[in-house]
Amino acid sequence: MNKNTHYQNLQPNYLFKEITDRAVAYTEAHPEHKLLRMGVGDVTRPLPPAIIQAMQKAVAELGQAETFRGYCLEEGYEWLRQAIIDNEYTPKGIDLDIHEVFIGEGAGSDLGNLSELFSSDNKVAILEPTYPAYADASIMAGRPITYLPCHAENGFVPELPKQKADIIYLCFPNNPTGTVLTYAQLKEWVDYARRNGSIIIYDAAYVAYISQPGIPHSIYEIEGAKEVAIEVKSYSKSAGFTSVRCGYTVVPKETGLQAMWLRRQCTKYNGTSYIAQRAALATYTPEGQAGIHANLDVYKATALLIKNGLQTMGYEVYGGDNAPYIWCRSPHGWDSWSFFDHLLRQCQVLCTPGVGFGPSGEGYVRFSAFSKSEDCIEALQRMKEQI
Ligand code: MLT
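Rules used in this analysis
- Residues numbered from 1 in each chain as written.
- Predicted model: local features only at pLDDT ≥ 70, side-chain atom pairs only at ≥ 80, totals over all residues.
- Heavy atoms only, no water.
- Helix = DSSP H or I, 4+ residues; strand = E, 2+ residues; numbered from the N terminus.
- Buried < 20%, exposed > 50% of the residue type's maximum accessible area, 1.4 Å probe, protein only.
- Contact = heavy atoms within 4.5 Å.
- Areas by Shrake-Rupley, 256 points an atom, 1.4 Å probe, with all protein chains shown as cover.
- Lys, Arg positive; Asp, Glu negative; His and termini not counted.
- Charge placed at Lys NZ, Arg CZ, Asp CG, Glu CD.
- Expected span 1.5 Å × (residues − 1).
- Polar contact = N/O pair within 3.5 Å; in protein donor to acceptor, adjacent residues only side chain to side chain.
- Near = heavy atom within 4 Å.
- Nonpolar A, V, L, I, M, F, W, Y, C, P; charged D, E, K, R; others polar.
- Domains from an automatic or database assignment.
- Pairing = 2+ DSSP bridges.
- Axes fitted to C-alpha atoms, helices over the stretch in contact; angles between N-to-C directions.
- Buried area = accessible area lost by both parts, 1.4 Å probe.
- Salt bridge = Lys/Arg side-chain N within 4 Å of Asp/Glu carboxyl O.
- Parallel < 35°, antiparallel > 145°, perpendicular 65-115°, else oblique.
- Left-handed = near helix turned anticlockwise from the far one by under 90°.

### Some details on the overall build of the protein chain
Inference 1: Along the protein chain, the regular secondary structure elements total 13 helices and 13 strands.
Inference 2: If one aligns the C-alpha atoms of the protein chain with their principal axes, the spans along those axes are about 60 × 55 × 55 Å.
Inference 3: Out of the 387 residues in the protein chain, the part that is buried amounts to 54%.
Inference 4: Long-range contacts, defined here as pairs at least 24 residues apart, represent 73% of the contacts in the protein chain between residues at least 6 apart.
Inference 5: Surface accessibility of the protein chain: about 16600 Å² in total, with carbon and sulfur atoms responsible for 52%.
Inference 6: Looking at the protein chain, you have 34 positive and 43 negative side-chain charges, and the mean spots of the two groups are 2 Å apart.

Encoded structure:
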């Protein structure tokens, strides 16, 4: 047996595991302190009653002979795929075939697994700082990566790759900087991909947080994008499903990859749980919509609360307006991990060190607005007193 030696090129620990490990070590050493968690982007608000009721009904159905179900289609139940098209795409004028929508267990897995569709010598371009799973999946596959730095000087907007990239990962609204692209900016990427025969893997996990008008909520709002883009979306951040596990990926036939992805899923994925898919369907009912929007409103308000609080204290901050993350320059010229450690030890506040999202994140940290707002208020007060 020969191991996949590309794993040696990964960081020893995955970013969010490293943060969790440090938080556990700290709380074990200091059980008397209350740790305020603004690190991993994990939701804290209870699921709306309409979604809970849908799951309870689904569970009850599995207990009755007449309504029991076994495996579903690997690509998901048609009623959910059609509801996604009807609610997320048709109103935007986007025409999708039901066979182009694949239900999965959340964006994270698909973003990694899609990598299997491409030849190992394909060149990858990844904006950075960004969600570390894109680079990790590419490193595991041994693909050469070109990083596209995003920093305050370029408004955290990546420039087009200077050399041809075969696979491009984009994430907008961006995790962690909160940057959004206008239609014109996103069109430049679609046009680049069409010119160069590239594929864009578009992580749209945070579109529910866009407040600004004139910002695309799907890459398919751009003409020609169906030829060159795969869009990955999740109910985790839009509907609070981090524990339920459900998301979906759109692989248009025009990309030439739809049949391959179906083939891959049939072999390697036995489908998303019936209960989770019923929960996802319930997000499109009037009651489900009201419930998830009430939660989104709280997270959006918390994002502004953190952003305004940090700005009032004199921090240089970005994001928070169209994303649940606040990107904050470390004070005193500290590097990301120094500020992370200082916040943990002095204030018992957990954040995410910016450098974990890429080298251009050095000197920044990220605060998550998924935390309880009362915890964020307390965290800001501790920072005011201790830093
Ligand atoms: C994060 O950036 O905190 C992540 O989104 C967590 C995840 O979804 O994997």
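### Overview of helix 10 (residues 274–282)
Inference 1: Taken together, the buried positions of helix 10 are occupied by Tyr274, Ala276, Gln277, Ala279, Ala280 and Ala282.
Inference 2: Buried residues along helix 10 sit against helix 2 (49–62), helix 3 (78–89), strand 2 (101–104), helix 8 (235–239) and helix 11 (286–312).

### Points about the environment of Asp95
Inference 1: As for its position among the elements, Asp95 is in the loop between helix 3 and strand 2.
Inference 2: Remark: the alpha-carbon pair of Asp95 and Tyr220, spanning 125 residues in sequence, is separated by 9.0 Å.

### Some words on helix 12 (residues 336–347)
Inference 1: For helix 12, which comprises 12 residues, the first-to-last C-alpha distance of 16 Å matches the rise-based estimate of 16 Å (1.5 Å per residue) to within 8%.
Inference 2: Here helix 12 has its buried residues at Ser336, Phe339, Phe340, Asp341, Leu343, Leu344 and Cys347.
Inference 3: Against helix 1 (15–29), strand 11 (349–350), strand 12 (352–353), strand 13 (364–368) and helix 13 (373–386) lie the buried residues of helix 12.
Inference 4: The N-cap of helix 12, judged by a side-chain oxygen 3.3 Å from the amide nitrogen of Trp337 a few residues on, is Asp335.
Inference 5: At the exit of helix 12 stands Gln348, carrying a positive phi of roughly 55 degrees.

### A short note on the site of the ligand
Inference 1: Every residue close to the ligand is listed here: Phe16, Val40, Gly41, Tyr131, Asn175, Tyr206, Lys237, Tyr325 and Arg366.
Inference 2: Contact between the ligand and Gly41: an oxygen atom at 2.6 Å from a main-chain N or O atom of the residue.
Inference 3: Measuring from an oxygen atom of the ligand, one finds a side-chain N or O atom of Tyr206 at 2.9 Å.
Inference 4: Of the residues in the shell around the ligand, the class split is 5 nonpolar, 2 polar and 2 charged.
Inference 5: Here the shell around the ligand gathers at least three residues from each of two domains, domain 1 (5–47 + 288–385) and domain 2 (50–284).

### Thoughts on the sheet that holds strand 4 (residues 145–149)
Inference 1: Strand order in the open sheet made by the 7 strands is 2-8-7-6-5-3-4, with mixed pairing throughout. Each edge of the sheet is formed by a strand with only one pairing partner; in this case those strands are strand 2 and strand 4. Between one strand and the next, the sheet's axes are offset by a mean angle of 20 degrees, whatever the strand orientation.
Inference 2: Relative to strand 8 (residues 247–250), strand 7 (residues 229–234) runs antiparallel, the two being bridged by 4 bridges. Within strand 8, the residue paired with Val232 across the bridge is Thr249.

### Overview of the domain arrangement of the protein chain
Inference 1: Partitioning the protein chain into domains gives domain 1 (5–47 + 288–385) and domain 2 (50–284).
Inference 2: Summarising the inter-unit geometry, the C-alpha centres of domain 1 and domain 2 are found 24 Å apart.
Inference 3: With both sides pooled, the region where domain 1 packs onto domain 2 buries about 3200 Å², and carbon together with sulfur makes up 64% of that total.
Inference 4: Interface area lost by domain 1 to domain 2 is led by Leu47, Asn322 and Phe357, which between them contribute 23%.
Inference 5: Taken together, the links from domain 1 to domain 2 amount to 0 salt bridges.

### Notes on the packing of helix 3 against helix 10
Inference 1: One way to put it is that helix 3 packs onto helix 10 with a least axis distance of 10 Å and a crossing angle of 30 degrees. As far as their axial angle goes, helix 10 and helix 3 are roughly parallel. Crossing geometry of helix 3 relative to helix 10 is assigned as left-handed. Listed contacts from helix 10 to Trp79, Leu80 and Ala83 of helix 3 are Tyr274, Gln277, Arg278, Ala280 and Leu281.
Inference 2: Class assignment of the residues belonging to the contact of helix 3 with helix 10 gives a composition of 6 nonpolar, 1 polar and 1 charged.

### A word on unusual backbone geometry
Inference 1: Residues Phe172 and Pro173 are joined by a peptide bond in cis, for which omega reads -5 degrees.
Inference 2: On the secondary structure map, Pro173 appears in the loop between strand 5 (167–171) and helix 6 (183–196).
Inference 3: Of note, the bond from Asn175 into Pro176 is cis; its omega dihedral lies within 30 degrees of zero at 20 degrees.
Inference 4: Along the chain, the position of Pro176 falls in the loop between strand 5 and helix 6.
Inference 5: Notably, Phe156 is not glycine yet its phi reads approximately 60 degrees, a positive angle.
Inference 6: Assignment of secondary structure puts Phe156 in the loop between strand 4 and strand 5.
Inference 7: You will see that Arg245, though not glycine, has its phi angle at about 75 degrees, which is positive.
Inference 8: If you trace the backbone, Arg245 turns up in the loop between helix 8 and strand 8.

### Thoughts on the side chain of Arg366
Inference 1: Considering the arrangement of structural elements, one finds Arg366 in strand 13.
Inference 2: Although Arg366 is buried, it makes no salt bridge; Asp203 carries the closest opposite charge, 10.0 Å away.
Inference 3: Among the polar contacts made by the side chain of Arg366, one reaches the main-chain carbonyl oxygen of Gly39 at a distance of 2.9 Å.

### Observations concerning the packing of helix 12 against helix 13
Inference 1: Running from N to C, helix 12 and helix 13 cross one another at 100 degrees; their axes reach a closest spacing of 10 Å. Between helix 12 and helix 13, the interaxial angle falls into the category roughly perpendicular. Here helix 12 contributes Phe339, His342, Leu343, Gln346 and Cys347 to the contact with helix 13, which in turn contributes Arg382, Met383 and Gln386.
Inference 2: For the contact of helix 12 with helix 13, the class distribution of residues is 4 nonpolar, 3 polar and 1 charged.

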